[in-house]
Amino acid sequence: LIDAKVVFDRQGKVSGLWFGLPQAKSSDYREPPYTVAGSFTEVDVELGKEPWVLPGTLTLPAGEGPFPAVVLVHGSGPQDRDETIGPNKPFKDLAYGLASKGIAVLRYEKRTRQYAEVLSGKVSTFTLREEVVDDAVEAVAFLRKAEKIDPTRVFILGHSLGASSAPRIAEAVLEATGEPPAGLIMLAPSARPVIDLIVEQYRYLAELDGRLSDEESTQLEEVEAAVKKIREGTMKPGEMILGAGKAYWDDLLAYDPVSKAKELGIPIFILQGERDYQVTMEDFSIWQAELGSLAGAELMSFPGLNHLFMYGEGKSSPEEYGVPGNVHEGVVAAIAEWVKSR
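Note that the structure is a prediction, hence the values are computed from the model and not measured.

Asker: What exactly am I supposed to notice about the packing of helix H6 (residues 166-177) against helix H10 (residues 257-264) here?
Answerer: To characterise two packed helices, one gives the angle between the axes of the helices and the distance between these axes. Interhelical geometry of H6 versus H10 gives an angle of 45° and a closest axis separation of 8 Å. Of the possible angle classes, the one that applies to H6 and H10 is oblique. As for the relative orientation of H6 and H10, their crossing is left-handed in sense. Residue-level contacts link Pro167, Arg168, Ala170 and Glu171 of H6 to Pro257, Lys260, Ala261 and Leu264 of H10. Among the residues forming the contact of H6 with H10, the class breakdown is 5 nonpolar, no polar and 3 charged.

In C-alpha cells, the structure reads:
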C-alpha cells in the first residue's frame, strides 16, 4: 500500500504533501537472476567533502580494468544508496546487473538521508544543487580518480528526479573539471515541471478506485492552489509549500531539463517504462520530439514496466512497489550495451 499524506495548516491550506511507500525487511529483497556470481566485488567508500561526506558502495567487475563506470543518482526524497522502496532495491539491481557485464557502479547515501537532522534547519534555502547536483559532481570526481576505472568513460545514470537533473549535473561537472561526463543515462526523466506532475499524480492516486470522493476533491483543489502559488512565484521567504521552501521551487522552475540536454553535446540515453504513472509516456513523447533527431541521443520505452522499471500488468498501482521484484533484465542489458558502445 501507499500513504499519500496531505498536511493542512490552520487556514485549511496545503502545507505539505508526501507519498510514503511501504517498508519491508531487508530479507525480503531478492537478488536479480541476472547477477553473475563471482563476477564482481563490492567496496565501502566515502565521497565528497566536509561537512557532506557520504558513505557509498563501489561495485567493481572482476579483472584489472580499466572499466567504464556509472554514478547512480537518486529520485526525490531521502533515499539510501540502493534506492530502497519496500522490498525492492532498484539501484542494487543495477549495480549487480551492470557489474556482471563489466561496468563499475558507484552508489551512495543521499545527502537528505545521511544528514536529515542537520538539513532540517536549512530547508528555507535548500535547492536542487544541495539536494542532488553537488554530490553527483563529487561522485564523478571520485570515480575519475579510482583505481581500475577509465576516467574518460564515467557516465551519470539518474532515475526520476535524478534523471531530469542529469543535464544540470553534466553542466556542473564540466564547470568544475573542464570535462563533461562521458554521457547521460536517464531513467524516467520528467520533461514537464515537477509541480505539474504532483497534481497529475495526486489525481491519479485519488481516482484509482474509480471515484473521486468529496474529501479527495477538496484535497485536490488545495494541492492545485498550492501549485498555483508556486508557479506564480508568490511564496514568501520562509514559507513552506508541499514540503519545500521558496528557494527550492524557484530554482526548480527556472530549470528546463530538455533545453539543457539539447545544449550539452554529449551522448544521452533515455529509458521509460510504459506503465509508469509518476513520469508518464507524455513526458517520453516530449523527449522524443525534442531529442529524437539529435545526434548522440537514443530513446527506448519498455512495455509493462513501471516507475521502478519492474514488470507488471494492468493499470499501474503503488501497491506493486510493495511486491518483491527486480529491474527488468532488458533494461540492464540495454544500458550495458549502450555504455560499452561509447
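Asker: I'm lost on the pairing of strand E12 (residues 297-302) in this one. Help?
Answerer: It is a general feature of regular strands that their side chains alternate between the two faces of the sheet. Here 6 bridges tie strand E11 (residues 268-273) to E12, and the two strands are oriented parallel to one another. When the bridges of E12 are listed, leucine 271 appears paired with methionine 300. Crossover E11 to E12 through helix H11 (residues 281-291) is right-handed.

Asker: How should I be thinking about the sheet that holds strand E6 (residues 104-108) in this particular structure?
Answerer: What the 8 strands build is an open sheet, ordered E3-E4-E6-E5-E7-E8-E11-E12; its pairing is mixed. A strand with exactly one partner marks an edge of an open sheet, and here the two such strands are strand E3 (40-47) and E12. Each adjacent strand pair in this sheet contributes to an overall mean axis angle of 20°, direction not counted. The sheet contacts of helix H4 (residues 128-145) involve E3, strand E4 (54-61), strand E5 (67-73), E6 and strand E7 (149-159), and relative to E5 the element is tilted by about 165°.

Asker: How should the pattern of salt bridges be read in this particular structure?
Answerer: Side chains that differ in charge, positive against negative, can pair when their charged atoms come close. Here the structure, examined in full by the defined rule, presents 22 salt bridges. For arginine 168, the salt bridge goes to aspartate 251, with nearest N and O atoms at 2.9 Å. Remark: aspartate 251 occurs in helix H9 (residues 246-253) and arginine 168 occurs in helix H6; sequence separation between them is 83 residues. When its relative accessible area of 12% is taken as the criterion, arginine 168 is described as buried. Residue glutamate 200 is joined to arginine 192 by a salt bridge in which the shortest nitrogen-to-oxygen separation is 2.9 Å. Among the residues examined, glutamate 200 registers a relative accessible area of 28% and is labelled partly exposed. Each of Glu42, Asp82, Lys89 and Arg107 takes part in salt bridges that share partners, so that together they form one network.

Asker: Is there a simple way to think about H4 in this case?
Answerer: Think of an α-helix as turning once every 3.6 residues; residues three or four places apart then point the same way. Counted at 1.5 Å a residue, the expected span for H4 with its 18 residues is 26 Å, and the 25 Å between its end C-alpha atoms agrees. Residues Leu128, Glu131, Val132, Val133, Asp135, Ala136, Val137, Glu138, Ala139, Val140, Leu143 and Arg144 constitute the buried set of H4.

Asker: Help me understand the packing of aromatic side chains in this model?
Answerer: Aromatic ring pairs are described here by two measures, namely the spacing of the ring centres and the angle between the planes. In total, this model carries 7 aromatic pairs according to the counting rule given. Judged by centre distance (5.0 Å) and plane angle (40°), the rings of phenylalanine 40 and tyrosine 96 are tilted. Taken together, the positions of phenylalanine 40 in strand E3 and tyrosine 96 in helix H1 (residues 90-99) put the pair 56 residues apart, joining distant regions of the chain. Neither phenylalanine 40 nor tyrosine 96 differs from the other in exposure class; each is buried. Taking 5.3 Å as the distance between ring centres and 80° as the angle between the ring planes, the aromatic pair formed by tryptophan 52 and tyrosine 115 counts as edge-to-face. Separated by 63 residues along the polypeptide, tryptophan 52 in the loop between E3 and E4 and tyrosine 115 in the loop between helix H2 (111-114) and helix H3 (116-119) bring together distant segments of the chain. Overall, the relative accessible area of 17% leaves tryptophan 52 in the buried class. Take tyrosine 115: its relative accessible area is 18%, and that puts it in the buried class.

Asker: Where do I start with unusual backbone geometry in this structure?
Answerer: Generally, phi is negative for residues other than glycine and the peptide bonds are trans, each holding for most cases. For the bond from glutamate 50 to proline 51, the omega torsion is 5°, close enough to zero to count as cis. Position of proline 51 among the secondary structure elements: in the loop between E3 and E4. Between glycine 65 and the following residue, proline 66, the backbone shows a cis peptide bond with an omega angle of 0°. Structurally, proline 66 is set in the loop between E4 and E5. In this structure, glutamate 83 is a non-glycine residue whose phi angle is positive, near 55°. By the secondary structure assignment, glutamate 83 is in the loop between E5 and H1. In this model, alanine 188 sits at a positive phi of 55°, which is unusual for a non-glycine residue.

Asker: Whenever I open this one, the confidence of the model for the protein confuses me. Can you help?
Answerer: Close inspection of predicted coordinates is inappropriate for parts of the model with low pLDDT. Model confidence for the protein is summarised by a mean pLDDT of 91, while 92% of its residues fall at 70 or above. Throughout residues 1-10 the model reports pLDDT below 50, and contacts reaching past four residues in sequence, or to other chains, amount to 30 contacts. Taken together, the stretch residues 12-24 has pLDDT below 50 and engages in 53 contacts with residues farther than four places along the chain or on a different chain.

Asker: What am I meant to see in helix H7 (residues 194-206) here?
Answerer: In this model, H7 (13 residues) spans 18 Å end to end at C-alpha, consistent with the 18 Å of a helix rising 1.5 Å per residue. Within the span of H7, buried status applies to Ile195, Leu197, Ile198, Val199, Gln201, Tyr202, Tyr204, Leu205 and Ala206.

Asker: Hey, could you run me through the environment of glycine 63 in this one?
Answerer: Positionally, glycine 63 belongs in the loop between E4 and E5. Given a relative accessible area of 37%, glycine 63 falls into the partly exposed group. Spatially, the C-alpha atoms of glycine 63 and serine 301 are 33 Å apart, while their sequence positions differ by 238 residues.

Criteria and thresholds
Residues numbered from 1 in each chain as written. Predicted model: local features only at pLDDT ≥ 70, side-chain atom pairs only at ≥ 80, totals over all residues. Heavy atoms only, no water. Axes fitted to C-alpha atoms, helices over the stretch in contact; angles between N-to-C directions. Helix = DSSP H or I, 4+ residues; strand = E, 2+ residues; numbered from the N terminus. Parallel < 35°, antiparallel > 145°, perpendicular 65-115°, else oblique. Left-handed = near helix turned anticlockwise from the far one by under 90°. Contact = heavy atoms within 4.5 Å. Nonpolar A, V, L, I, M, F, W, Y, C, P; charged D, E, K, R; others polar. Pairing = 2+ DSSP bridges. Right-handed = clockwise from strand over helix to strand, strands pointing away. Salt bridge = Lys/Arg side-chain N within 4 Å of Asp/Glu carboxyl O. Buried < 20%, exposed > 50% of the residue type's maximum accessible area, 1.4 Å probe, protein only. Expected span 1.5 Å × (residues − 1). Phe/Tyr/Trp six-rings, centres within 6.5 Å; stacked < 30°, edge-to-face > 60°. pLDDT = per-residue confidence, 0-100.

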